[in-house]
Amino acid sequence: MLAPFENNLPKPETFDAEALAAGIIRWVEFETPSDRPDLIELLLDHVVESFAGLPITVERIPGRNGCGGQLVLHYAPAGAVGAPALLMGHIDTVWDAGTLEKRPVRYEGDRIYGPGIFDMKAGSFLATEALRRIAAAGIVPPRPITVYLNGDEEIGSITSRAKIEELAAAAAFVLVPEPSFEAPGTLITARKGWGRFRLTARGVSAHAGGNLFDGRSAILEIARHIVEIEALNETETAATFNVGTVNGGTRANVVPDFAAIDVDMRANDMETAERHIAAMLARTAKGKDITLEVEGGLNRPPFQRSGAVVKLYEATCELGRELGLELGETTRGGVSDGNFAAALGKPVLDGLGCNGAGAHALHEHILFSTIAPRAALFHAMLTSAAFNERALG
Ligand SMILES: [Zn+2]
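Residues numbered from 1 in each chain as written. Predicted model: local features only at pLDDT ≥ 70, side-chain atom pairs only at ≥ 80, totals over all residues. Heavy atoms only, no water.

In the nomenclature of an unreviewed UniProt entry, the protein chain corresponds to M20 family peptidase from the organism Borborobacter arsenicus.

Have a look at this one:
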């Protein structure tokens with residue numbers, strides 16, 4: 001018999017949604033585009049200040065190579081045992097500094113609009129705030145809690161990946177408060193893997209009128225590959241391909257000696273991803289006297305719906321019912337840092353942020369009514385011993 005859930009878990013209606021919304025908006029007002037590590041530091045300063053005087057270990061990792069910094073907050077009071085629960089979010093956004101001036105935060109009914117609020121300041125704030133409140137109240141959780149914030153997710157987690165993998169490897173389970181896209185309460189239990197490639201063809205230039213047949217067209221070469229790569233979408237069911245950019249040539253009367261494309265690949269599972277990566281890297285020039293160079297590979301491994309993921313998801317649904325929350329699940333083509341954790345075989349649950357819409361779009365917003373339910377869910381997942389047992393036992 002599993003222990004029943006603790007009957008003193010605070011219900012969503014006991015959370016002060018107005019104060020939480022104010023905290024979220026405060027984070028949104030720190031503009032944090034991925035290419036401004038200096039601005040990302042200011043938000044991290046603000047976060048660290050909010051933990052002043054609390055029994056939390058703070059580790060700050062400065063930004064490097066033009067990428068934003070990272071922050072690790074760790075709470076391990078006496079009595080909290082075993083591997084930590086890891087909450088992992090990003091604080092960088094796709095919005096340039098100055099966007100707020102043009103599109104300030106505004107309410108419209110249940111919606112709160114703001115650049116980066118949905119992806120994913122709201123979720124990262126709620127995860128961080130859950131830890132802050134637990135530590136401030138002196139609650140001893142069943143296991144230690146780690147909150148990790150990175151500043152380069154939107155540009156591929158280039159400098160943070162190693163830290164993400166180190167923390168995930170040490171964690172009991174990983175919670176990712178990326179936005180929830182569908183009906184309120186929809187969690188993410190799988191994401192596709194993401195690969196990127198650049199194909200560059202080099203041929204021989206010539207005069208289109210004078211000596212056309214001495215030329216070797218790099219554009220023709222690249223066009224053949226475009227058609228083949230796009231055609232994979234007709235037969236492959238576990239992966240998709242998009243030729244997203246094409247560059248080449250100089251003038252209409254010059255046989256082009258250069259052309260290049262960028263290709264995006266999404267794959268449902270590792271076997272499919274590896275098969276297509278090998279095929280892509282093995283591409284060779286089709287035309288005479290042409291060279292073809294292929295670079296790229298997997299940026300994020302697939303986040304597969306493993307048994308460990310399902311167990312964590314089901315325990316969360318059951319906990320949700322205790323709190324009066326209707327939860328559901330979905331899969332996404334877009335990636336997150338959860339992909340790295342899931343590839344290590346860890347139980348990962350994603351989409352724990354607020355519901356809303358418009359990631360990377362002008363209509364980006366969250367639903368105010370989903371703030372308190374998510375806050376209650378985080379609090380319960382981190383403090384309920386029975387939940388921990390169900391999720392991992
Ligand atoms: Zn995101």
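A.B. asks: Go over the overall build of the protein chain, please, and point to the residues and values.
C.D. replies: Along the protein chain, the regular secondary structure elements total 11 helices and 18 strands. In terms of overall size, the protein chain behaves like a compact globule, its C-alpha atoms giving a radius of gyration of 24 Å where 393 residues would be expected to give roughly 21 Å. When the backbone C-alpha atoms are referred to their principal axes, the protein chain occupies close to 85 × 50 × 40 Å. Taken over 393 residues, the protein chain has a buried fraction of 54%. Of the contacts formed within the protein chain by residues at least 6 apart in sequence, a portion of 81% connects residues at least 24 apart. Here the protein chain has roughly 16,300 Å² of accessible surface; of this, 54% comes from carbon and sulfur atoms. (Helix = DSSP H or I, 4+ residues; strand = E, 2+ residues; numbered from the N terminus. Rg over C-alpha atoms; globule rule 2.2 N^0.38 Å. Buried < 20%, exposed > 50% of the residue type's maximum accessible area, 1.4 Å probe, protein only. Contact = heavy atoms within 4.5 Å. Areas by Shrake-Rupley, 256 points an atom, 1.4 Å probe, with all protein chains shown as cover.)

A.B. asks: Let's hear about the sheet that holds strand S5 (residues 111–113): which residues, and what values?
C.D. replies: Pairing is antiparallel across the open sheet formed by 4 strands, whose spatial order is S4-S5-S18-S17. Looking at the sheet topology across the chains shown, the edges are occupied by strand S4 (106–108) and strand S17 (356–357). Sheet analysis places S5 next to strand S18 (residues 365–367), joined by 3 bridges and oriented antiparallel. Each bridged residue has a counterpart across the sheet, and for Tyr113 the counterpart in S18 is His365. (Pairing = 2+ DSSP bridges.)

A.B. asks: Run through the coordination of the zinc ion, naming residues and quoting values.
C.D. replies: Within the protein, His90 (NE2), Asp119 (OD), Glu178 (OE) and Glu178 (OE) serve as the donor atoms for the zinc ion, at 1.9 to 2.7 Å. In this structure, the zinc ion is coordinated by 4 donor atoms arranged in irregular fashion, with angles at the metal of 51 to 147 degrees. Of note, the zinc ion draws all its donor residues from one chain, in the sequence arrangement H-x28-D-x58-E. In this pair, His90 is assigned in strand S3 (residues 85–90) and Glu178 in the loop between strand S7 (173–176) and strand S8 (186–191), connecting sequence segments 88 residues apart. Neither His90 nor Glu178 differs from the other in exposure class; each is buried. (Donors = N, O, S within 2.8 Å, 3.2 Å for Na, K, Ca; no water. Tetrahedral: all angles 85-135°; square planar, octahedral: opposite > 155°, others 65-115°.)

A.B. asks: Residues and numbers for the environment of Glu326, please.
C.D. replies: Relative to the helices and strands, Glu326 is located in the loop between helix H8 (307–323) and strand S15 (328–332). With 59 residues separating them in the primary sequence, Glu326 and Ala267 have C-alpha atoms 30 Å apart. Each residue touching Glu326, except ones within four places of it in the same chain, is listed here: Pro184 and Gly185.

A.B. asks: Run through the pairing of S8, naming residues and quoting values.
C.D. replies: With 6 of 6 residues buried, S8 is to be regarded as a mostly interior element. Relative to S15, S8 runs parallel, the two sharing 5 bridges. For Ile188, the partnering residue across the bridge sits in S15 and is Thr330.

A.B. asks: Before we move on, can you summarise the domain arrangement of the protein chain with the specific residues and values?
C.D. replies: One can read the domain layout of the protein chain as domain 1 (12–192 + 303–392) and domain 2 (193–300). Put simply, the middle of domain 1 and the middle of domain 2, counted by C-alpha atoms, are 38 Å apart. Contacts between the two partners involve 14 residues from domain 1, matched on the other side by 10 residues from domain 2. Between domain 1 and domain 2, a total of about 860 Å² is buried, with carbon and sulfur atoms accounting for 50% of that surface. By the criterion of area lost to domain 2, the three top residues of domain 1 are Lys192, Gln304 and Val335, representing 59% of everything that side buries. The tally of links between domain 1 and domain 2 comes to 2 salt bridges. Notably, a salt bridge pairs Arg300 with Asp337, separated by 2.8 Å at the nearest N-O pair. On the surface where domain 1 and domain 2 come into contact, there are 6 residue pairs in polar contact (both at pLDDT 80 or more). By residue class, the composition of the side of domain 1 that touches domain 2 is 2 nonpolar, 7 polar and 5 charged. (Domains from an automatic or database assignment. Buried area = accessible area lost by both parts, 1.4 Å probe. Salt bridge = Lys/Arg side-chain N within 4 Å of Asp/Glu carboxyl O. Polar contact = N/O pair within 3.5 Å; in protein donor to acceptor, adjacent residues only side chain to side chain. Nonpolar A, V, L, I, M, F, W, Y, C, P; charged D, E, K, R; others polar.)

A.B. asks: How would you sum up the UniProt feature "active site" (unreviewed entry) in the protein chain? Please name residues and give values.
C.D. replies: According to UniProt, the feature "active site" (unreviewed entry) maps to Asp92 and Glu153 in the numbering used here. Across 62 residues of sequence, these annotated residues stay compact in space, with a maximum C-alpha separation of 6.8 Å. Looking at the secondary structure, you find Asp92 in the loop between S3 and helix H3 (99–102). Each residue touching Asp92, except ones within four places of it in the same chain, is listed here: Thr32, Ser34, Ile40, Asn150, Gly151, Asp152, Glu153, Glu154 and Ile155. As for its placement among the helices and strands, Glu153 is situated in the loop between strand S6 (145–150) and helix H5 (161–170). Leave out the neighbours within four places in its chain, and Glu153 touches His90, Asp92, Glu178, Arg300, Val335, Ser336 and Asp337. (UniProt positions renumbered as here; feature names shortened; annotations may be inferred.)

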